[in-house]
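# Results of the structural survey
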Amino acid sequence: LQPEYAGKDLKASFEPRQAAIDRALSLSPGSGEAYAALGLLRYWQDKKEESEAAFLKAIELSPNYASAYHWYSVLLNTDERREESLRMIRKALSLDPSAPILISNLSDRLRLLGRMEEAKAALLDGLRRNPEFPNFYWNMANVLRDEGHIEEAKAALLDAVKRNADSPTYYFSMGILLFSQGRIGEAAAWLDRAVELQPLNFNNRGWQCYFQIELDDPVQAQACLEKMRQDFPDLPESSFARLQSNIFAIRGEEQKAVDYLEKLNEEAPDENTKRALVDAYFANAQWSKARPIIEELAPQFFSNDEVTVSQQEVGRVIGVAASMREGDGLSQRAHDLAGKALETMQSMHRTRGVGYYNFDVHAYAIRGESSQMIAALRQAIDDGWRSGWQEHRGRAYQVLLRERPLQPEQQAEWNALLAELEADIAAQRQWYQDHKDDPLF
C-alpha cells in the first residue's frame, strides 16, 4: 500500500513484496490472504490474467476476506467489467460494512456507472460515520466534477488536502480538474506539488512535462523530459515518445517528430508508438502515411458497412476520417464518419466525463463546413477547453485550410481566435512563472 499512500516507488516494491508472498505461501500454502496480495502485485505489474487467477484463488481459499474482493474489484474496474467490479465491492462491504475505503470505492464504481445519486448517498453515509476520512472528499469532488459543479468539486478537493496534505493523489486530482477547465498554469502548480511528494511516480512526472507543453514552453518541457530520462533509466525510449514528439511539434518541428517516431517504430514497434506516429503524421499533414497504420488498427471503419460511434470512439473516428482523402475515393466516407461523430457528441460534454474537447472543430474541418468549424472553436474556447490547442496553428490545419480556403472574413476570424488562444496561454505561462512557488491554499 505504500506506493499508493506514502510515495514509495512502485517498482521498488515489487521484489520485497514477492519475497514476502513466497515466504507466506511456504508457511501456509492455503493462505487466501497471500494469494490476494499476489493478485494485487500482479495487477501493478500489468499481468492481468495472472492477477485475476490469484484473486479467484484467494476468494476460493478465504471466502470471508474482504480485501480479496476489494482488490479484485480494482482489476475489474474497466469500462467492460465495471458491473462485476461493483458486485465485488458490494461483497467486500457485506463482510466489512464499516470500512471507509470500501465505501469510498463503492461510490467510485457507482459514479463511473453514471449512478450519481447513489454515489453521493454512499459518500454521505461514509462522511456521517467518519467525517475525517479524506478519500470521501476526494470522491465527492469527482462526482461534483462529473456533474459540472467545478467550484464545489474544487472545494471538496481542498477539504481532502487539508485532511491529508501529504497525499500526492489529491494534488494530482486538483491539477487534472483545473486543467480540464483550461486553467493550465494553476494545474501545473498543483502537479509540481504532487511530484515533490512522490518524485518517482512516472504518471505524475509525465503530466508535469505535458503541462509545460500545454503552456507552450518547449524549453521547460524538454528540461522536464530530460530529467525523467535520468530518473527512469531502465525504461525504453518508447515510454517518452509521445512527450518528445509533442515537444518537437510545439517547436514547429513536425518533421523531426516524424523522423524520431519512424526510427523508434523501426527499432521497437508497438501499438503505442504506432499511435504516436499516426498523430505525428497528422500534425505534419502526411495523411497518406498515416492511413495504412490506421487501417491496420481500425479496419472496421474503412468498409462500407453502417457504423455506430460510441462516446469512447469519437476521437478515434475523427482520426480515421481525417486520413481519408479525396484522392483515395473515400471523401464521402470521411464526411459520413465525421457526421456520425458529431451526432454522438450531442450526448456528451466538452470538458468533463468522456469529453469531446475540440473534436467538433476537426469534424467540421473534415466536412468542409467552415462556418461551423469557426463557431465550434469559438465555443470551445469559451467552454474552457485548452487541451491540444496548438494543433490549430500547426502545419496540418495550415494545409487543410489551403485545400479548402476560407473566405477573407472567415480567415480573419480564425486568425483572431488563434491569437486569443496564444495570448491566453502566454498569460497563464507568466502566471505560473510568477506564482508556482506560492502556497497552494
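Residues numbered from 1 in each chain as written. Predicted model: local features only at pLDDT ≥ 70, side-chain atom pairs only at ≥ 80, totals over all residues. Heavy atoms only, no water.

## Details of the nonpolar core
Note the following rule: Nine residue types can take part in a nonpolar core, namely buried Ala, Val, Leu, Ile, Met, Phe, Trp, Tyr and Cys, and a core is a set of them joined through side-chain atoms within 4.5 Å. Burial classification: accessible surface area is computed with a 1.4 Å probe over protein chains only, and a residue below 20% of its type maximum counts as buried, one above 50% as exposed, and the rest as partly exposed. Only heavy atoms matter for contacts: two residues are in contact if any of them lie within 4.5 Å across the pair.
Residues M373, L377 and W414 are the most contacted members of the largest nonpolar core, which totals 98 residues. Setting aside anything within four residues of it in sequence, one finds M373 in contact with V361, Y364, A365, Y397, L401, L406 and W414.

## Description of the pattern of salt bridges
The cut-off we apply is this: When a carboxyl oxygen of Asp or Glu is within 4 Å of a side-chain nitrogen of Lys or Arg, the pair counts as a salt bridge.
Per the stated rule, a full pass over the model turns up 39 salt bridges. The salt bridge partner of E50 is R42, with a shortest N-O separation of 3.1 Å. The class of E50 is partly exposed, set by a relative accessible area of 44%. With a relative accessible area of 14%, R42 lands in the buried category. Taken together, the shared-partner salt bridges in this structure form one network comprising D108, R109, R111, R145 and D146.

## Things to note about the side chain of N139
Filter applied, for reference: In this text, helices come from DSSP runs of H or I with a minimum length of four residues, and strands from runs of E with a minimum of two, each type numbered from the N-terminal end.
Residue position: N139 is located in helix α9 (residues 134–146). The residues contacting N139, other than those within four sequence positions of it, are S104, S107, D108 and L123.

## Notes on the state of the cysteines
Two cysteines joined by a covalent bond between their sulfur atoms form a disulfide. The test is simple: Sulfur atoms of two cysteines make up a disulfide when they are within 2.5 Å.
As enumerated under the stated definition, the model contains 1 disulfide in all. Disulfide pairing is shown between C209 and C224; the S-S distance is 2.1 Å. The S-S bond linking C209 to C224 shows a torsion near -85°; that makes this disulfide left-handed. With a gap of 15 residues between them, C209 in helix α13 (residues 202–214) and C224 in helix α14 (residues 218–231) connect regions that are remote in the sequence. Residues C209 and C224 agree in their burial class; the two are buried.

## A few points about the packing of aromatic side chains
For clarity, the cut-off: Pairing of aromatic rings covers Phe, Tyr and Trp, the last counted by its six-membered ring, and requires centre-to-centre distances within 6.5 Å; plane angles under 30 degrees mean stacked, over 60 mean edge-to-face, and any other angle means tilted.
Enumeration over the complete set of coordinates arrives at 17 aromatic pairs. For the pair F55 and Y72, a centre-to-centre distance of 5.7 Å together with 35° between the ring planes defines the contact as tilted. In this pair, F55 sits in helix α4 (residues 48–61) while Y72 sits in helix α5 (residues 66–76), placing the two residues 17 residues apart along the sequence. Judged by relative accessible area, F55 falls into the buried class, the value being 0%. A residue is classified by how much of its surface remains accessible, and Y72, at 6% relative accessible area, is buried. Note on F248 and Y260: the rings are 6.0 Å apart at their centroids and 65° apart in plane angle, and the pair reads as edge-to-face.

## Some remarks on helix α6 (residues 82–95)
This is how it is decided: To estimate the expected span of a helix, count its residues, drop one, and scale the result by 1.5 Å. Think of it as the arc spanned by the lines of direction from the helix axis to the C-beta atoms.
An ideal rise of 1.5 Å per residue puts 20 Å on 14 residues; α6 measures up with 20 Å between its terminal C-alpha atoms. Inspection of α6 places R82, S85, L86, M88, I89, A92 and L93 among the buried residues, and these make up the whole buried set. For α6, the angular spread of the buried residues around the axis is 160°, confining them to a single face. Check the buried side of α6 and you find it contacts α4, α5 and α7 (100–112).

## A word on unusual backbone geometry
Positive phi outside glycine occurs at D46, with the angle close to 65°. Within the fold, D46 resides in the loop between α3 (32–44) and α4.

## Some details on the packing of helix α12 (residues 184–197) against α13
Keep this limit in mind: Lines are fitted to the C-alpha atoms to define the axes, a helix being fitted only along its stretch in contact, and any angle between axes, read from their N-to-C directions, falls within 0 to 180 degrees. Angles are sorted into four bins: roughly parallel if under 35 degrees, roughly antiparallel if over 145, roughly perpendicular if 65 to 115, and oblique for all others. A clockwise turn of the near helix away from the far one marks a right-handed crossing, whereas an anticlockwise turn of less than a right angle marks a left-handed crossing. The residue classification treats Ala, Val, Leu, Ile, Met, Phe, Trp, Tyr, Cys and Pro as nonpolar and Asp, Glu, Lys and Arg as charged. All others, Gly included, are polar.
Running from N to C, α12 and α13 point in directions that differ by 155°, and their axes come no closer than 9 Å. What the angle tells us is that α12 and α13 run roughly antiparallel. Crossing of α12 over α13 shows left-handed handedness. Contacts between α12 and α13 involve I184, A187, A188, L191, D192, A194 and V195 from the first element and N204, R205, W207, Q208, F211, Q212 and E214 from the second. A breakdown of the residues in the contact of α12 with α13 according to their chemical character gives 8 nonpolar, 3 polar and 3 charged.

## A word on the environment of Q230
When you line up the elements, Q230 lands in helix α14. In this structure, the C-alpha to C-alpha distance between Q230 and I366, residues 136 residues apart in sequence, is 41 Å.

## Considering the packing of helix α20 (residues 331–345) against helix α21 (residues 359–367)
Running from N to C, α20 and α21 point in directions that differ by 150°, and their axes come no closer than 9 Å. On the basis of their axis angle, the class for α20 and α21 is roughly antiparallel. The hand of the α20/α21 crossing is left-handed. Of the residues in α21, those touching α20 at A334, H335, A338, G339, L342 and M345 are F359, D360, A363, Y364, I366 and R367. The class makeup of the residues in the contact of α20 with α21 is 8 nonpolar, 2 polar and 2 charged.

## Digging into the environment of E196
Stated precisely, the cut-off is as follows: By the criterion applied in these results, polar contacts are pairs of N or O atoms within 3.5 Å in which, for protein atoms, one can donate a hydrogen and the other can accept it, and in which residues neighboring in sequence qualify only through two side-chain atoms.
Locating E196 in the fold gives a position in helix α12. Between the alpha carbons of E196 and Y170 there is a distance of 13 Å; along the sequence they are 26 residues apart. Polar contacts involving the side chain of E196 include one to the side chain of R193, which spans 2.9 Å.

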